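Analysis of the macromolecular model
In case you want the letters, here they are:
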Amino acid sequence: MRILSFLKITCLTGIILIFSSCFKDLDTVPTDKDELTSAAVYEDPANYKKVLARLYAGLSVTGQQGPAGQPDISGIDEGFGQYLRMYWYLQELSTDAAVIGWNDATIKDFHNQSWSSSDGFIFAAYSRIFYQVSICNEFLRETTDAKLDSRNVDAGLRAEIQTFRAEARFLRALSYYHALDLFRNVPFVTEEDPVGAFFPEQISKDDLYNWLETELKEVETLLAAPRSNEYGRADQAAAWMLLAKLYLNAEVYTGKSQYTDAVTYSKKVIDAGYTLEPNYAHLFMADNHKSKEIIFPITFDGTYTRTYGGMTFLVHAPVGGSMNPADFGIDGGWGGLRTTSAIVNKYPAPGSGGSVIVTPNPGNTSYPVLNVPGSYQGWDPALATTVMTSPGSDDVYQGYFYFEAGTKFKFALGSWDTNWGDDGNDGTLDAGGADIAVAEEGFYKIDADLNALTYTIVKTNWGLIGSSTPNGWDSDMDMTYDADENAWIITADLVAGEIKFRANDDWAINYGDTGANAILDAGGDNIAIAQNGTYLIKMYLDRPDYTYYIEKFATESDTRNMFYTNGQTLEIADISQFTEGYAVGKFKNITSTGAVGSDLTFVDTDFPMFRLADAYLIYAEAVLRGGSGGTTAQALQYVNALRERAYQGASGNISSGDLTLDFILDERARELLWEGHRRTDLVRYGRFSDTNYLWPWKGGVAAGTAVQSCRDVYPIPAQDLNANPNLKQNSPGECY
């Protein structure tokens with residue numbers, strides 16, 4: 001959610017001059033009255049905070065206008081080139097966590113692990129990181145004591161600016177951490193370097209690591225106390241979290257382990273007053289700014305921070321196939337992202353060990369029938385499966401049929417000897433009359449009264465509603481039609497209460513169960529749901545007495561399993577097909593109360609860059625790797641706290657013997673899926689490139705294959721390498 005407003009400040013940063021001052025070229029009067037030069041910006045005391053907000057916005061927006069237009073960096077598509085989207089590509093698409101169906105440029109090279117130094121997406125990520133560094137540097141240059149003296153800034157504002165400077169240093173450190181993790185040896189510039197065109201020196205990964213450690217330890221004392229800053233702004237806990245992540249990966253970056261420090265700083269975060277969000281799903285919804293678990297977010301607002309990257313991408317891109325975009329609070333899915341079976345198989349199978357609450361009742365199978373021959377079944381009146389029934393034996397018939405667009409049909413009593421159509425297309429039955437046709441594909445309710453010689457046909461879409469559903473009696477949860485099973489199906493998290501089935505978000509057609517006998521009655525009694533839990537519910541309208549099925553998933557089901565499986569295959573034969581691979585319904589533009597975000601295209605959901613669950617897992621892993629200052633008993637307690645939330649009780653808890661490094665890696669995959677951690681985790685475990693761990697399509701092979709270890713680090717983009725003679729490529733002579 002939006003927290004701060006920022007100025008429209010033109011920033012001309014070229015590719016070669018990537019470290020040049022954001023404001024260097026703004027010494028002329030702008031043509032747009034809404035744009036300000038650096039000289040004018042800092043004359044107004046109110047603008048210091050607005051420029052700080054622009055630094056934070058560098059993680060979420062791509063230019064001065066949004067969602068496109070007046071970009072920060074020329075030559076990079078703003079939708080693809082947004083900071084979070086590019087970071088996510090590099091961290092998730094290169095792993096078992098995600099595949100993408102699109103054919104944009106070299107996008108599939110990530111999952112194939114076949115990228116080159118000329119890859120445009122890598123260049124976009126690299127450029128975003130160092131653009132962010134450059135604007136942070138400029139803010140620090142413009143807020144020195146000397147500059148503040150020259151502007152006669154009063155003491156009260158100067159004290160506040162010192163906190164702003166600490167936050168700018170944190171944001172710069174965050175980007176340099178991303179640079180270290182992704183690229184290792186990179187160009188390095190701070191506010192102490194001159195402004196203008198020059199070739200930055202390349203810093204070694206060891207020296208960058210040491211600089212980050214020193215910088216963050218200085219900054220932590222200057223930032224606001226944990227949970228005392230405005231939402232979305234960094235505080236001490238954010239710095240501690242970044243230090244904990246730095247220390248956890250120290251052996252990868254420098255060859256020297258610092259697991260004791262990882263224990264120390266993760267514990268500082270844990271003790272800082274944050275608490276686990278009781279409902280895991282609420283961490284990824286449009287009002288997740290309310291969560292007391294999120295330590296540092298990248299904020300988004302559908303009205304004020306519009307971008308085709310960021311959370312707009314992460315909410316839209318995973319929606320496709322038979323998924324209903326409205327269930328995610330958006331106006332359409334982009335049909336791109338899914339996950340692999342390697343990730344799916346880390347979760348217990350949904351419903352394993354569950355209990356059947358309601359079994360379908362075959363009901364009466366001897367009602368009088370009216371045949372409905374048509375183009376959909378070969379115009380055969382004798383087919384017993386395509387009939388309507390008369391439960392009252394009164395020549396009033398009803399039935400449900402799934403028709404393709406343009407389907408034609410008639411009514412017949414056993415044979416063509418007695419049949420009806422509709423000559424006037426007016427709902428009146430005419431003996432031997434014209435074929436009746438439907439214009440649209442859909443699931444139709446048909447009623448025919450042979451006494452009055454009338455019929456009605458209504459297209460229906462079905463939903464579940466009631467006090468047990470998240471929206472109560474106010475709105476439905478959409479069900480999905482399964483043609484193979486000829487049933488309407490939904491998997492839903494319900495609370496104890498009642499439900500009914502209704503069509504078209506309206507009460508005109510609804511079913512309950514009068515008598516609790518598993519037979520659906522029009523307008524019948526509410527159906528009881530006795531306990532909270534995850535349920536599989538099916539409604540059958542293809543038989544003489546309509547019926548339904550309810551299964552409550554076992555408590556062993558992991559609620560972090562947010563896979564959408566209807567119409568999706570587990571295995572992937574063709575990455576370009578969205579329906580191959582399970583979809584992930586984790587991120588939504590819907591609030592925890594069921595309200596839709598402020599815009600259907602651009603979302604309100606924030607990205608949880610750092611959250612408490614990660615600190616728990618860092619602590620546990622660091623202890624298992626030999627870090628002192630912690631205990632395995634405490635590590636086990638932290639891990640089980642996450643699992644108790646996931647399993648809604650203690651049924652998923654593990655014992656001390658289960659707490660291994662392999663378990664922690666898999667638990668991180670479950671807990672932090674698609675949150676930008678997977679590549680770093682696999683590299684730390686030595687499983688990103690080699691044969692110790694294969695996943696579908698790793699290395700471009702269906703069964704997965706090892707690749708060169710130099711793939712553990714991304715290349716310095718060829719554009720910057722060619723422009724700056726001070727830079728040398730990672731892993732020369734191997735991958736790049």
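This text goes with the structure placed above it.
Residues numbered from 1 in each chain as written. Predicted model: local features only at pLDDT ≥ 70, side-chain atom pairs only at ≥ 80, totals over all residues. Heavy atoms only, no water.

**Some details on the packing of aromatic side chains**
Just so we agree on the cut-off: Any two rings among Phe, Tyr and Trp, with Trp reduced to its six-membered ring, count as a pair given centres within 6.5 Å; such a pair is stacked if its planes are under 30 degrees apart, edge-to-face if over 60, and tilted if neither. When accessible area is computed with a 1.4 Å probe and restricted to protein chains, residues below 20% of their type maximum are described as buried, those above 50% as exposed, and intermediate ones as partly exposed. A ring is scored as having a charge over it whenever the NZ atom of a lysine or the CZ atom of an arginine sits within 6 Å of its centre and within 35 degrees of its normal.
Evaluated as defined, the whole model comprises 53 aromatic pairs. When the centroid spacing of 5.0 Å and the interplanar angle of 65 degrees are considered together, the rings of Y280 and F284 count as edge-to-face. Of the residues examined, Y280 reaches a relative accessible area of 3% and is grouped as buried. Over the aromatic face of W507 sits the side chain of R502, whose NZ or CZ is 4.7 Å from the ring centroid. The ring of F328 has K588 lying over it, and the distance from NZ or CZ to the ring centre is 5.4 Å.

**Focus: helix α2 (residues 47-57)**
Cut-off, in case you're wondering: Secondary structure counts use DSSP, requiring at least four H or I residues in a row for a helix and at least two E residues in a row for a strand, with both numbered from the N terminus.
Summarising burial for α2: nine of the eleven residues are buried, a large majority. Listed as buried for α2 are N47, Y48, V51, L52, A53, R54, L55, Y56 and A57.

**Some words on the environment of S415**
For S415, the location among the structural elements is in the loop between β11 (411-412) and β12 (419-421). Residue class for S415 comes out partly exposed when judged on its relative accessible area of 27%.

**Some remarks on the pattern of salt bridges**
Note the following rule: Any Lys or Arg side-chain nitrogen located within 4 Å of an Asp or Glu carboxyl oxygen qualifies as a salt bridge.
If you walk through the whole model with that rule in mind, you get 45 salt bridges. Between R158 and D149 there is a salt bridge, with its nearest N and O atoms 2.8 Å apart. D149 gets classed as partly exposed once you look at its relative accessible area, which sits at 46%. Look at the salt bridges and you will find they share partners, linking E293, D558, R560, K586, R611, R643, R645, E667, R670, E671 and E675 into a network.

**Some thoughts on the nonpolar core**
Rules: Throughout, nonpolar core names a set of buried Ala, Val, Leu, Ile, Met, Phe, Trp, Tyr and Cys residues whose side chains join them through atoms within 4.5 Å.
Within the largest apolar cluster, 158 residues are counted, with the highest numbers of intra-cluster contacts made by Y89, F110, F170, F183 and F296. For this core, the element with the most residues is helix α7 (residues 155-183), which contributes 15 residues. Among the nonpolar cores identified, the runner-up in size contains 28 residues, and L464, W488, Y511 and Y548 belong to it.

**Here's the deal with the environment of I550**
With respect to the helices, strands and loops of the structure, I550 is situated in strand β26 (residues 547-552). Classification of I550 as buried rests on a relative accessible area of 1%. Measuring from C-alpha to C-alpha, the distance between I550 and I357 comes to 5.3 Å, with 193 residues separating the pair along the chain.

**Some points on the sheet that holds strand β6 (residues 355-358)**
Where we set the bar: Two strands pair if DSSP finds at least two bridges between them. Orientation is described by axes fitted as lines to C-alpha atoms, over the contacting stretch for helices, and by angles from 0 to 180 degrees between their N-to-C directions.
Taken together, five strands build an open sheet; the order of strands is β6-β26-β25-β20-β19 and the sheet is antiparallel. In this open sheet, the two strands that pair with only one neighbour each are β6 and β19 (480-482). The mean angle between the axes of side-by-side strands here comes to 30 degrees, regardless of whether they run parallel or antiparallel. Note that strand β25 (residues 533-540) and β26 share six bridges and pair antiparallel. Looking at the pairing, L536 lines up with E551 of β26.

**Observations regarding the pairing of strand β29 (residues 607-611)**
Counting buried positions over the five residues of β29 gives five, a clear majority of the element. Strand direction decides the pairing type here: strand β4 (residues 294-298) and β29, joined by four bridges, are antiparallel. Bridged to F296 within β29 is F610.

**Remarks on the side chain of E675**
Our working definition: The definition of a polar contact used here is a pair of N or O atoms within 3.5 Å, where within protein one atom must be able to donate a hydrogen and the other to accept one, and adjacent residues in sequence count solely through side-chain atom pairs. Any two residues having at least one pair of non-hydrogen atoms within 4.5 Å are treated as being in contact.
With respect to the element layout, E675 can be found in the loop between α16 (661-671) and α17 (678-684). Of the residues examined, E675 reaches a relative accessible area of 2% and is grouped as buried. A polar side-chain atom of E675 sits 2.8 Å from a polar atom in the side chain of K586. Apart from residues lying up to four places away in sequence, E675 is in contact with E92, Y280, F284, K586, F607, P608 and R611.

**Observations regarding the side chain of T386**
As for its position among the elements, T386 is in the loop between β7 (369-371) and β8 (387-389). Look at T386 and you get buried, because its relative accessible area is 9%. A polar atom in the side chain of T386 sits 3.2 Å from the backbone oxygen of L383. Not counting the four nearest positions on each side in its chain, T386 is found in contact with L370, N371, V372, Y376, Q377 and F401.

**Some thoughts on the packing of helix α5 (residues 120-141) against α7**
Quick reminder of the rule: Under this scheme an angle from 65 to 115 degrees is roughly perpendicular, one under 35 degrees roughly parallel, and one over 145 degrees roughly antiparallel; angles in between are oblique. Each helix crossing is assigned a hand: it is left-handed if the near helix lies turned anticlockwise from the far helix by less than a right angle, otherwise right-handed if that turn is clockwise. Under the grouping applied here, Gly and all other residues not named as nonpolar or charged are polar, the nonpolar ones being Ala, Val, Leu, Ile, Met, Phe, Trp, Tyr, Cys and Pro and the charged ones Asp, Glu, Lys and Arg.
Contact pair α5 / α7: the axes reach a minimum separation of 9 Å and the direction vectors enclose 155 degrees. The angle between the axes of α5 and α7 places the two elements in the roughly antiparallel class. Note that α5 runs across α7; the crossing there is left-handed. Here I122, Y126, I129, F130, Q132, V133, C136, N137, F139 and L140 of α5 lie close against α7, whose contacting residues are F164, R165, A168, R169, L171, R172, S175, Y176, H178, A179, L182 and F183. Classifying every residue of the contact of α5 with α7 gives 15 nonpolar, four polar and three charged.

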